[in-house]
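# Coordinate inspection notes
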Amino acid sequence: DAMVIQNPRYQVTQFGKPVTLSCSQTLNHNVMYWYQQKSSQAPKLLFHYYDKDFNNEADTPDNFQSRRPNTSFCFLDIRSPGLGDAAMYLCATSLYRENTEAFFGQGTRLTVV
Amino acid sequence: KQEVTQIPAALSVPEGENLVLNCSFTDSAIYNLQWFRQDPGKGLTSLLLIQSSQREQTSGRLNASLDKSSGRSTLYIAASQPGDSATYLCAVGGGADGLTFGKGTHLIIQP
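So, here's what we can say about the structure. Computed from a prediction, not measured in an experiment: that's the story for all the values here.

## Quick word on the overall build of chain A
- Secondary structure assignment for chain A yields zero helices and eleven strands.
- In chain A, the succession of helices and strands from N to C terminus is β-β-β-β-β-β-β-β-β-β-β.
- Here the C-alpha radius of gyration of chain A, 13 Å, is about what a compact globule of 113 residues would show, namely 13 Å.
- In chain A, which comprises 113 residues, the share counted as buried stands at 47%.
- Taking the 10 positively charged and 10 negatively charged side chains of chain A as two groups, their mean positions are separated by 7 Å.

Dropping the structure here:
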């Protein structure tokens, strides 16, 4: 059974039109992460939540926001998608930030037209 | 800033061979190291997690080693099969910094 579920698997959005990607987990983990992975590149951490505490990476553009309304769900909002934001977006969870295994969802492939 | 390098970037071998994938990292102050598999257009599947105090972990035909002091890890795949074809990613855990990934090794096992 899938433990980290991302919806949708594929998302096409128009340039500049806000888009929201969804992630849910059945593991009851404290930490939820969002990573961006462009073609043939390493996944790059955008931000993470430890419980309700939001932790933004210093180089994450302001165009990217996140919400975690409860333990199970986390959303990635892109306020004004540009062509350069086309990528695979990966959600991951872990019980703690240290010394625990990270579990990833299947990803959402975002296309900007 | 932590940097992770994986060598080789791509590898193609005949079925049945044993093979080694390499991962190196610049900062030895890590909590753990994780190896993942990524199939085309898919998310990441965790293969092995090695805590910083451990030297190796094994799962089936996979064995991963960690030498934290030298900043190196290897993933050994025994008796490779066509179904092992995928991209293999190494990631080091730095606590609040999340995971820092290498670019991966793209592996093709020829039938």
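## A closer look at the nonpolar core
- Residues Leu19, Phe25, Leu33, Trp35, Leu75, Ile77 and Tyr88 of chain B are the most contacted members of the largest nonpolar core, which totals 23 residues.
- Of all the secondary-structure elements, those providing two or more residues to this core are strand 3 (19-25), strand 4 (32-38), strand 5 (44-51), strand 7 (62-67), strand 8 (72-77), strand 9 (86-93) and strand 11 (105-110) of chain B.
- The contact partners of Phe25 of chain B, leaving out residues within four places of it in the chain, are Gln2, Glu3, Val4, Ile30, Leu33, Leu66, Asp67, Lys68, Gly71, Arg72 and Val92 of chain B.
- Ranked by size, the runner-up nonpolar core spans 18 residues in total, among them Val4, Val19, Trp34 and Val112 of chain A.

## Focus on the pairing of strand 8 of chain B
All names here are of chain B.
- Because side chains alternate across strand 8, one face comprises the buried residues Ser73, Leu75 and Ile77, and the other comprises Arg72, Thr74 and Tyr76, none of which is buried.
- In this sheet, strand 8 lies alongside strand 3 in antiparallel orientation, the contact comprising six bridges. Looking at strand 8, one finds that Asn22 is bridged to Thr74.
- Judged from the six bridges that link them, strand 7 and strand 8 form a sheet pairing that is antiparallel. Each bridged residue has a counterpart across the sheet, and for Ala64 the counterpart in strand 8 is Leu75.
- Here strand 7 folds back onto strand 8, and the loop between the two strands holds four residues, one of which, Gly71, carries a positive phi near 70°.

## Here we look at the pattern of salt bridges
- In total, this model carries four salt bridges over all chains according to the counting rule given.
- Residue Asp59 of chain A is joined to Lys44 of chain A by a salt bridge in which the shortest nitrogen-to-oxygen separation is 3.2 Å. In this pair, Asp59 of chain A is assigned in the loop between strand 6 (53-56) and strand 7 (64-67) and Lys44 of chain A in strand 5 (residues 44-50), connecting sequence segments 15 residues apart.
- Since its relative accessible area comes to 46%, Asp59 of chain A is described here as partly exposed.
- The residue Asp39 of chain B makes a salt bridge to Arg37 of chain B at a minimum N-O spacing of 3.0 Å.

## Looking at the packing of aromatic side chains
- Taken as a whole, this structure holds ten aromatic pairs over all chains when the rule is applied.
- Look at Tyr35 of chain A and Phe104 of chain A: their rings are 5.6 Å apart centre to centre, the planes differ by 45°, and that puts the pair in the tilted class. Placement of Tyr35 of chain A in strand 4 (residues 31-37) and of Phe104 of chain A in strand 10 (residues 103-104) is noted, with a sequence separation of 69 residues between them.
- On the basis of relative accessibility, which here comes to 1%, the residue Tyr35 of chain A falls in the buried class.
- Ring geometry for Phe47 of chain A versus Phe54 of chain A: centroids 5.3 Å apart, planes at 50°, classification tilted.
- Counting every residue linked through ring pairs, the aromatic cluster contains Tyr33, Tyr35 and Phe104 of chain A together with Phe36 and Phe101 of chain B.

Procedures and definitions
- Residues numbered from 1 in each chain as written.
- Chains lettered and ligands numbered in written order.
- Predicted model: local features only at pLDDT ≥ 70, side-chain atom pairs only at ≥ 80, totals over all residues.
- Heavy atoms only, no water.
- Helix = DSSP H or I, 4+ residues; strand = E, 2+ residues; numbered from the N terminus.
- Rg over C-alpha atoms; globule rule 2.2 N^0.38 Å.
- Buried < 20%, exposed > 50% of the residue type's maximum accessible area, 1.4 Å probe, protein only.
- Lys, Arg positive; Asp, Glu negative; His and termini not counted.
- Charge placed at Lys NZ, Arg CZ, Asp CG, Glu CD.
- Core = buried A, V, L, I, M, F, W, Y, C linked by side-chain atoms within 4.5 Å.
- Contact = heavy atoms within 4.5 Å.
- Pairing = 2+ DSSP bridges.
- Salt bridge = Lys/Arg side-chain N within 4 Å of Asp/Glu carboxyl O.
- Phe/Tyr/Trp six-rings, centres within 6.5 Å; stacked < 30°, edge-to-face > 60°.

No statement about biological role is implied by the geometric values presented.
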